[in-house]
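Breakdown of the fold
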Amino acid sequence: MSLFFGIDTSNYRTSAAVFDSETREWHNSGRLLEVPEGRIGLRQSDALFQHVLHLPERIAELESGFGNRIRAIAASTRPRAVEGSYMPCFLAGAGQARSMAHALDVPFYAVSHQQGHLAAAALSAGALELLRQPFLAWHLSGGTTELLYVRPEGELFQAEIIGGTDDLAAGQLIDRAGRLLDLPFPSGAELETLADACTQPETPFRPKVTDAHFSLSGAQNKIEQLHRKGAPRETVARYAIDIVSAAVIRATEQAVHKTGLPVLCAGGVMSNRLLQQRMKDAFGAKFAEPVLSGDNAVGVAVLAAMLSGEL
(Lines give C-alpha, C1' and ligand atoms only; values in the text may rest on other atoms or scores of the structure.)
Protein backbone atom coordinates (compact mmCIF):
# COMPACT_ATOMS: atom_id res chain seq x y z
CA MET A 1 0.00 0.00 0.00
CA SER A 2 1.35 3.41 -1.05
CA LEU A 3 -0.21 6.20 0.99
CA PHE A 4 0.27 9.90 0.29
CA PHE A 5 -0.69 12.71 2.63
CA GLY A 6 -1.94 16.17 1.71
CA ILE A 7 -2.85 19.37 3.55
CA ASP A 8 -4.82 22.35 2.23
CA THR A 9 -5.48 25.46 4.33
CA SER A 10 -7.48 27.78 2.11
CA ASN A 11 -9.46 30.88 3.01
CA TYR A 12 -12.59 28.73 3.40
CA ARG A 13 -11.69 25.31 4.78
CA THR A 14 -9.08 23.37 6.77
CA SER A 15 -8.40 20.00 5.12
CA ALA A 16 -6.15 16.96 5.51
CA ALA A 17 -6.30 13.82 3.37
CA VAL A 18 -4.67 10.49 2.61
CA PHE A 19 -4.65 8.91 -0.86
CA ASP A 20 -3.79 5.34 -1.82
CA SER A 21 -2.15 5.36 -5.26
CA GLU A 22 -2.79 1.64 -5.77
CA THR A 23 -6.50 1.48 -4.98
CA ARG A 24 -7.28 5.16 -5.75
CA GLU A 25 -9.11 5.29 -2.41
CA TRP A 26 -8.98 8.46 -0.34
CA HIS A 27 -10.13 9.94 2.97
CA ASN A 28 -10.52 13.67 3.37
CA SER A 29 -11.08 15.37 6.73
CA GLY A 30 -12.15 18.98 6.42
CA ARG A 31 -14.13 21.70 8.14
CA LEU A 32 -15.27 25.14 7.12
CA LEU A 33 -13.70 28.13 8.78
CA GLU A 34 -16.06 29.97 11.11
CA VAL A 35 -17.26 33.29 9.73
CA PRO A 36 -19.19 35.69 12.00
CA GLU A 37 -22.84 36.09 11.08
CA GLY A 38 -23.40 38.82 8.51
CA ARG A 39 -19.84 38.71 7.15
CA ILE A 40 -18.81 37.28 3.79
CA GLY A 41 -15.22 36.35 4.50
CA LEU A 42 -12.33 36.41 6.95
CA ARG A 43 -9.23 38.48 7.38
CA GLN A 44 -6.10 36.46 6.63
CA SER A 45 -4.92 36.70 10.23
CA ASP A 46 -8.22 35.21 11.44
CA ALA A 47 -8.12 32.45 8.83
CA LEU A 48 -4.55 31.58 9.74
CA PHE A 49 -5.44 31.36 13.44
CA GLN A 50 -8.37 29.04 12.75
CA HIS A 51 -6.19 26.74 10.61
CA VAL A 52 -3.62 26.48 13.39
CA LEU A 53 -6.45 25.67 15.80
CA HIS A 54 -8.31 23.14 13.66
CA LEU A 55 -5.62 21.35 11.62
CA PRO A 56 -4.59 18.94 14.41
CA GLU A 57 -8.24 17.90 14.73
CA ARG A 58 -8.48 17.22 10.99
CA ILE A 59 -5.35 15.06 11.04
CA ALA A 60 -6.55 13.22 14.16
CA GLU A 61 -9.75 12.26 12.33
CA LEU A 62 -7.72 10.22 9.81
CA GLU A 63 -6.84 6.60 10.54
CA SER A 64 -4.53 6.32 13.54
CA GLY A 65 -0.95 5.43 12.64
CA PHE A 66 -1.25 6.25 8.94
CA GLY A 67 2.12 8.02 9.11
CA ASN A 68 3.88 4.65 9.24
CA ARG A 69 2.81 4.03 5.64
CA ILE A 70 3.24 7.50 4.15
CA ARG A 71 5.52 7.67 1.10
CA ALA A 72 5.40 11.46 0.61
CA ILE A 73 3.64 14.58 1.86
CA ALA A 74 2.41 17.64 -0.03
CA ALA A 75 0.76 20.91 0.95
CA SER A 76 -0.78 23.79 -0.94
CA THR A 77 1.56 26.67 -0.24
CA ARG A 78 0.02 29.37 -2.46
CA PRO A 79 -3.14 30.03 -4.52
CA ARG A 80 -1.58 29.51 -7.99
CA ALA A 81 1.68 28.14 -9.32
CA VAL A 82 2.90 31.52 -10.57
CA GLU A 83 5.43 34.00 -9.27
CA GLY A 84 4.01 36.36 -6.67
CA SER A 85 1.02 34.21 -5.76
CA TYR A 86 0.69 34.33 -1.97
CA MET A 87 -1.84 34.14 0.86
CA PRO A 88 -0.82 33.85 4.52
CA CYS A 89 -3.50 31.24 5.31
CA PHE A 90 -1.47 28.60 3.46
CA LEU A 91 1.41 28.98 5.91
CA ALA A 92 -0.41 26.88 8.51
CA GLY A 93 -0.65 23.80 6.31
CA ALA A 94 2.76 24.23 4.71
CA GLY A 95 4.53 24.44 8.07
CA GLN A 96 2.74 21.40 9.46
CA ALA A 97 3.43 19.35 6.33
CA ARG A 98 7.12 20.24 6.20
CA SER A 99 7.55 19.27 9.85
CA MET A 100 5.76 15.95 9.37
CA ALA A 101 7.84 15.12 6.29
CA HIS A 102 11.05 15.80 8.20
CA ALA A 103 9.94 13.71 11.18
CA LEU A 104 8.94 10.79 8.94
CA ASP A 105 11.96 11.19 6.63
CA VAL A 106 9.79 11.30 3.49
CA PRO A 107 9.75 13.83 0.62
CA PHE A 108 7.80 17.07 0.95
CA TYR A 109 6.26 18.69 -2.14
CA ALA A 110 4.94 22.26 -2.35
CA VAL A 111 2.02 22.60 -4.76
CA SER A 112 -0.63 25.24 -5.39
CA HIS A 113 -4.23 25.31 -4.19
CA GLN A 114 -5.40 25.52 -7.79
CA GLN A 115 -3.33 22.50 -8.86
CA GLY A 116 -4.92 20.59 -6.00
CA HIS A 117 -8.40 21.51 -7.20
CA LEU A 118 -7.62 20.27 -10.72
CA ALA A 119 -6.12 17.01 -9.46
CA ALA A 120 -9.12 16.35 -7.19
CA ALA A 121 -11.55 17.01 -10.04
CA ALA A 122 -9.62 14.72 -12.41
CA LEU A 123 -9.50 11.93 -9.81
CA SER A 124 -13.19 12.23 -9.00
CA ALA A 125 -14.18 12.29 -12.68
CA GLY A 126 -12.06 9.18 -13.38
CA ALA A 127 -9.94 11.29 -15.72
CA LEU A 128 -6.46 11.49 -14.19
CA GLU A 129 -5.07 11.02 -17.71
CA LEU A 130 -6.12 14.61 -18.45
CA LEU A 131 -3.32 15.83 -16.18
CA ARG A 132 -0.81 14.44 -18.70
CA GLN A 133 -2.23 16.29 -21.72
CA PRO A 134 -3.53 19.74 -22.66
CA PHE A 135 -7.09 20.54 -21.56
CA LEU A 136 -9.36 23.42 -20.57
CA ALA A 137 -10.38 23.81 -16.94
CA TRP A 138 -12.69 26.06 -15.00
CA HIS A 139 -11.70 26.99 -11.45
CA LEU A 140 -14.86 28.51 -10.00
CA SER A 141 -14.64 29.15 -6.28
CA GLY A 142 -15.30 31.80 -3.68
CA GLY A 143 -12.41 33.95 -4.82
CA THR A 144 -11.56 32.58 -8.27
CA THR A 145 -13.34 32.53 -11.61
CA GLU A 146 -10.72 31.48 -14.12
CA LEU A 147 -10.87 29.56 -17.38
CA LEU A 148 -7.51 27.85 -17.72
CA TYR A 149 -5.48 26.35 -20.49
CA VAL A 150 -3.67 23.52 -18.71
CA ARG A 151 -0.68 21.72 -20.16
CA PRO A 152 2.02 19.39 -18.84
CA GLU A 153 5.12 21.26 -17.72
CA GLY A 154 8.03 19.98 -15.67
CA GLU A 155 6.97 17.35 -13.16
CA LEU A 156 3.35 18.49 -13.04
CA PHE A 157 1.35 20.91 -15.15
CA GLN A 158 0.99 24.64 -15.64
CA ALA A 159 -2.28 26.55 -15.91
CA GLU A 160 -2.54 29.71 -18.01
CA ILE A 161 -5.54 31.98 -17.53
CA ILE A 162 -7.33 32.44 -20.86
CA GLY A 163 -10.73 33.58 -19.62
CA GLY A 164 -12.98 34.26 -16.68
CA THR A 165 -13.96 37.35 -14.74
CA ASP A 166 -12.10 40.62 -14.87
CA ASP A 167 -13.54 41.79 -11.55
CA LEU A 168 -15.97 40.00 -9.23
CA ALA A 169 -15.54 36.23 -8.83
CA ALA A 170 -18.55 33.96 -9.34
CA GLY A 171 -18.38 32.78 -5.74
CA GLN A 172 -18.34 36.37 -4.50
CA LEU A 173 -21.45 37.12 -6.54
CA ILE A 174 -23.17 34.02 -5.13
CA ASP A 175 -22.21 34.95 -1.56
CA ARG A 176 -23.37 38.54 -1.99
CA ALA A 177 -26.68 37.29 -3.34
CA GLY A 178 -26.83 35.00 -0.33
CA ARG A 179 -26.22 37.86 2.08
CA LEU A 180 -28.99 39.81 0.36
CA LEU A 181 -31.30 36.86 1.11
CA ASP A 182 -30.02 36.40 4.69
CA LEU A 183 -28.34 33.07 3.91
CA PRO A 184 -25.29 31.84 5.85
CA PHE A 185 -21.77 32.20 4.44
CA PRO A 186 -20.64 30.55 2.23
CA SER A 187 -24.00 30.64 0.49
CA GLY A 188 -23.64 28.29 -2.49
CA ALA A 189 -25.51 25.26 -1.14
CA GLU A 190 -28.29 27.27 0.51
CA LEU A 191 -28.73 29.44 -2.58
CA GLU A 192 -29.00 26.34 -4.78
CA THR A 193 -31.67 24.83 -2.52
CA LEU A 194 -33.61 28.08 -2.63
CA ALA A 195 -33.25 28.34 -6.42
CA ASP A 196 -34.56 24.79 -6.87
CA ALA A 197 -37.91 25.99 -5.49
CA CYS A 198 -38.24 28.68 -8.18
CA THR A 199 -41.19 27.98 -10.51
CA GLN A 200 -41.11 31.22 -12.52
CA PRO A 201 -37.50 32.20 -13.22
CA GLU A 202 -36.71 35.66 -14.53
CA THR A 203 -34.89 35.99 -17.85
CA PRO A 204 -31.27 36.37 -16.66
CA PHE A 205 -29.03 39.31 -17.31
CA ARG A 206 -26.35 38.06 -19.71
CA PRO A 207 -22.90 39.59 -19.15
CA LYS A 208 -21.00 40.48 -22.30
CA VAL A 209 -18.37 37.84 -23.00
CA THR A 210 -15.40 38.74 -25.21
CA ASP A 211 -12.61 36.26 -25.91
CA ALA A 212 -13.83 34.20 -22.92
CA HIS A 213 -13.56 37.17 -20.52
CA PHE A 214 -16.48 38.85 -18.76
CA SER A 215 -17.45 41.13 -15.88
CA LEU A 216 -19.89 40.30 -13.06
CA SER A 217 -20.02 43.65 -11.26
CA GLY A 218 -23.01 44.71 -13.34
CA ALA A 219 -24.68 41.41 -12.48
CA GLN A 220 -24.61 42.29 -8.78
CA ASN A 221 -26.51 45.49 -9.54
CA LYS A 222 -29.14 43.53 -11.49
CA ILE A 223 -29.61 41.06 -8.62
CA GLU A 224 -30.00 43.90 -6.13
CA GLN A 225 -32.53 45.62 -8.40
CA LEU A 226 -34.60 42.44 -8.68
CA HIS A 227 -34.55 42.05 -4.90
CA ARG A 228 -35.64 45.67 -4.35
CA LYS A 229 -38.60 45.10 -6.67
CA GLY A 230 -39.86 42.53 -4.20
CA ALA A 231 -39.20 39.39 -6.25
CA PRO A 232 -39.58 36.12 -4.30
CA ARG A 233 -36.38 34.92 -2.60
CA GLU A 234 -36.27 31.76 -4.72
CA THR A 235 -36.55 33.85 -7.91
CA VAL A 236 -33.62 36.04 -6.84
CA ALA A 237 -31.56 32.95 -6.01
CA ARG A 238 -32.28 31.34 -9.38
CA TYR A 239 -31.55 34.63 -11.15
CA ALA A 240 -28.07 34.81 -9.58
CA ILE A 241 -27.23 31.24 -10.57
CA ASP A 242 -28.56 31.74 -14.11
CA ILE A 243 -26.36 34.81 -14.59
CA VAL A 244 -23.22 32.90 -13.62
CA SER A 245 -24.28 29.96 -15.77
CA ALA A 246 -24.89 32.13 -18.84
CA ALA A 247 -21.46 33.77 -18.61
CA VAL A 248 -19.60 30.52 -18.01
CA ILE A 249 -21.36 28.71 -20.87
CA ARG A 250 -20.64 31.51 -23.34
CA ALA A 251 -16.97 31.80 -22.32
CA THR A 252 -16.55 28.03 -22.62
CA GLU A 253 -18.11 28.06 -26.09
CA GLN A 254 -15.56 30.62 -27.23
CA ALA A 255 -12.60 28.72 -25.75
CA VAL A 256 -13.69 25.30 -27.05
CA HIS A 257 -14.27 26.76 -30.51
CA LYS A 258 -10.72 28.10 -30.49
CA THR A 259 -8.92 25.06 -29.01
CA GLY A 260 -11.12 21.99 -29.42
CA LEU A 261 -9.90 20.72 -26.03
CA PRO A 262 -11.87 18.73 -23.40
CA VAL A 263 -13.19 20.61 -20.36
CA LEU A 264 -12.65 19.79 -16.67
CA CYS A 265 -14.51 21.74 -13.98
CA ALA A 266 -13.25 22.35 -10.44
CA GLY A 267 -14.08 24.58 -7.49
CA GLY A 268 -16.97 24.87 -5.10
CA VAL A 269 -19.22 26.95 -7.39
CA MET A 270 -19.00 24.17 -9.97
CA SER A 271 -20.80 21.83 -7.58
CA ASN A 272 -24.05 23.60 -8.51
CA ARG A 273 -26.22 20.92 -10.18
CA LEU A 274 -27.89 23.25 -12.69
CA LEU A 275 -24.57 24.62 -13.91
CA GLN A 276 -23.10 21.11 -14.09
CA GLN A 277 -25.96 19.79 -16.21
CA ARG A 278 -25.70 22.67 -18.66
CA MET A 279 -21.93 22.20 -18.99
CA LYS A 280 -22.32 18.45 -19.51
CA ASP A 281 -25.01 18.93 -22.14
CA ALA A 282 -23.05 21.58 -24.03
CA PHE A 283 -19.49 20.30 -23.83
CA GLY A 284 -19.42 16.86 -22.22
CA ALA A 285 -17.54 18.53 -19.39
CA LYS A 286 -16.14 16.40 -16.58
CA PHE A 287 -16.77 17.23 -12.92
CA ALA A 288 -15.70 16.28 -9.44
CA GLU A 289 -18.32 14.82 -7.13
CA PRO A 290 -19.62 17.55 -4.78
CA VAL A 291 -17.35 16.61 -1.85
CA LEU A 292 -14.30 17.09 -4.09
CA SER A 293 -15.61 20.18 -5.89
CA GLY A 294 -15.04 22.45 -2.93
CA ASP A 295 -11.78 22.98 -1.08
CA ASN A 296 -10.17 19.71 -0.03
CA ALA A 297 -6.75 18.11 0.47
CA VAL A 298 -7.33 15.03 -1.69
CA GLY A 299 -5.99 16.67 -4.85
CA VAL A 300 -2.89 17.77 -2.95
CA ALA A 301 -2.30 14.15 -1.84
CA VAL A 302 -2.79 12.99 -5.44
CA LEU A 303 -0.10 15.45 -6.53
CA ALA A 304 2.26 13.99 -3.92
CA ALA A 305 1.77 10.60 -5.58
CA MET A 306 2.35 12.08 -9.05
CA LEU A 307 5.53 13.84 -7.97
CA SER A 308 6.73 10.58 -6.40
CA GLY A 309 6.24 8.76 -9.70
CA GLU A 310 3.39 6.62 -8.34
CA LEU A 311 0.75 7.86 -10.79
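Our subject is the structure listed above.
All of these numbers come straight from a predicted model, not from anything done at the bench.

About the thresholds
Residues numbered from 1 in each chain as written. Predicted model: local features only at pLDDT ≥ 70, side-chain atom pairs only at ≥ 80, totals over all residues. Heavy atoms only, no water. 1 Å grid on protein atoms, 1.4 Å probe; cavity = no way out; pocket = protein on both sides within 12 Å on 5 of 7 lines; lining within 4 Å. Points joined across faces, edges and corners; volume = space filled by probe spheres on them. Nonpolar A, V, L, I, M, F, W, Y, C, P; charged D, E, K, R; others polar. Helix = DSSP H or I, 4+ residues; strand = E, 2+ residues; numbered from the N terminus. Buried < 20%, exposed > 50% of the residue type's maximum accessible area, 1.4 Å probe, protein only. Pairing = 2+ DSSP bridges. Axes fitted to C-alpha atoms, helices over the stretch in contact; angles between N-to-C directions. Parallel < 35°, antiparallel > 145°, perpendicular 65-115°, else oblique. Left-handed = near helix turned anticlockwise from the far one by under 90°. Contact = heavy atoms within 4.5 Å. Core = buried A, V, L, I, M, F, W, Y, C linked by side-chain atoms within 4.5 Å. Phe/Tyr/Trp six-rings, centres within 6.5 Å; stacked < 30°, edge-to-face > 60°.

The next subject is the layout of surface pockets. The volume enclosed by the largest pocket comes to roughly 730 Å³. If you trace the largest pocket, you find 29 residues lining it, with Gly188, Ala189, Gly268, Val269 and Ser271 closest to the centre. Here the residues of the lining of the largest pocket sort into 12 nonpolar, 12 polar and five charged. In this structure, the second largest pocket encloses a volume near 390 Å³. Mapped by element, the contributors of at least two residues to the lining of the second largest pocket are α3 (113-124) and α4 (170-180). For the lining of the second largest pocket, the element with the most residues is α4, which contributes three residues. Across the lining of the second largest pocket, the residue classes break down as seven nonpolar, 11 polar and five charged.

Of all 10 residues that make up strand β8 (residues 156-165), seven are buried, and the element is covered over most of its length. Sheet analysis places strand β7 (residues 145-153) next to β8, joined by eight bridges and oriented antiparallel. Residue pairing for β8: Arg151 is matched across the bridge by Gln158. Hairpin remark: β7 followed by β8, antiparallel, with two residues in the connecting loop; positive phi at Gly154, about 65 degrees. Taken together, the two bridges between β8 and strand β10 (residues 213-214) define a ladder with parallel strand orientation. Within β10, the position partnered with Thr165 by the bridge is Phe214.

Interhelical geometry of helix α6 (residues 217-228) versus helix α7 (residues 233-259) gives an angle of 165 degrees and a closest axis separation of 10 Å. By the angle between their directions, the pair α6 and α7 is classed as roughly antiparallel. In terms of crossing hand, the pair formed by α6 and α7 is right-handed. Taken together, the residues of α7 that come into contact with α6 (itself represented by Ala219, Lys222, Ile223, Leu226 and His227) are Thr235, Val236, Tyr239, Ala240 and Ile243.

Moving on, we get to the nonpolar core. Core analysis: the largest hydrophobic core is formed by 43 residues, its most contacted members being Trp138, Leu140, Leu191, Met270 and Met279. Residue assignment for this core shows that the elements contributing at least two residues are β6 (135-140), α4, α5 (188-196), α6, α7, β11 (263-266) and α8 (273-283). At 12 residues, α7 tops the list of elements feeding residues into this core. In terms of nonpolar packing, the next biggest core, distinct from the first, is built from 38 residues, Tyr109, Leu118, Ala122 and Leu156 among them.

Taking strand neighbours across the sheet as the criterion, the seven strands line up as β9-β10-β8-β7-β6-β11-β12 in an open arrangement whose pairing is mixed. In this open sheet, the two edge strands, each paired with only one partner strand, are β9 (209-210) and β12 (286-287). Sheet strands in contact with α7 are β6, β7, β8, β9, β10 and β11, and its direction is about 160 degrees off that of β6.

A word on unusual backbone geometry. Residue Pro186 is bonded to the preceding Phe185 through a cis peptide linkage, with omega at -10 degrees. Checked against the element boundaries, Pro186 lands in the loop between α4 and α5. A positive phi angle is found at Arg24, which is not glycine, with a value near 65 degrees. Its place among the elements puts Arg24 in the loop between β2 (13-20) and β3 (26-32). The class of Arg24 is partly exposed, set by a relative accessible area of 42%. Despite not being glycine, Ala212 has its phi angle at roughly 70 degrees, a positive value.

Ring pairs (aromatic) are described by centroid distance and by the angle formed between their planes. Under the counting rule described, the total for this entry stands at three aromatic pairs. Here Trp138 and Phe214 contribute two aromatic rings whose centre-to-centre distance is 6.4 Å and whose plane-to-plane angle is 45 degrees, an arrangement assigned as tilted. Here Trp138, found in strand β6, pairs with Phe214, found in strand β10; they are 76 residues apart in sequence, far enough to count as distant. Taking relative accessible area as the criterion, Trp138 reaches 0% and is therefore assigned buried. Judged by its relative accessible area of 2%, Phe214 is buried.

In space, the five strands of this open sheet follow the order β3-β2-β1-β4-β5, with mixed pairing throughout. The open sheet has two edge strands with one neighbour each: β3 and β5 (108-112). Taken over all neighbouring pairs, the strand axes of this sheet differ in orientation by 15 degrees on average, direction set aside. The sheet contact formed by strand β1 (residues 3-9) and β2 spans seven bridges and is antiparallel. Bridging from a neighbouring strand, Gly6 pairs with Ala17 of β2. Strand contacts of helix α2 (residues 90-104): β1, β4 (70-78) and β5, with the helix running at about 160 degrees to β4, the strand carrying the most contacts.

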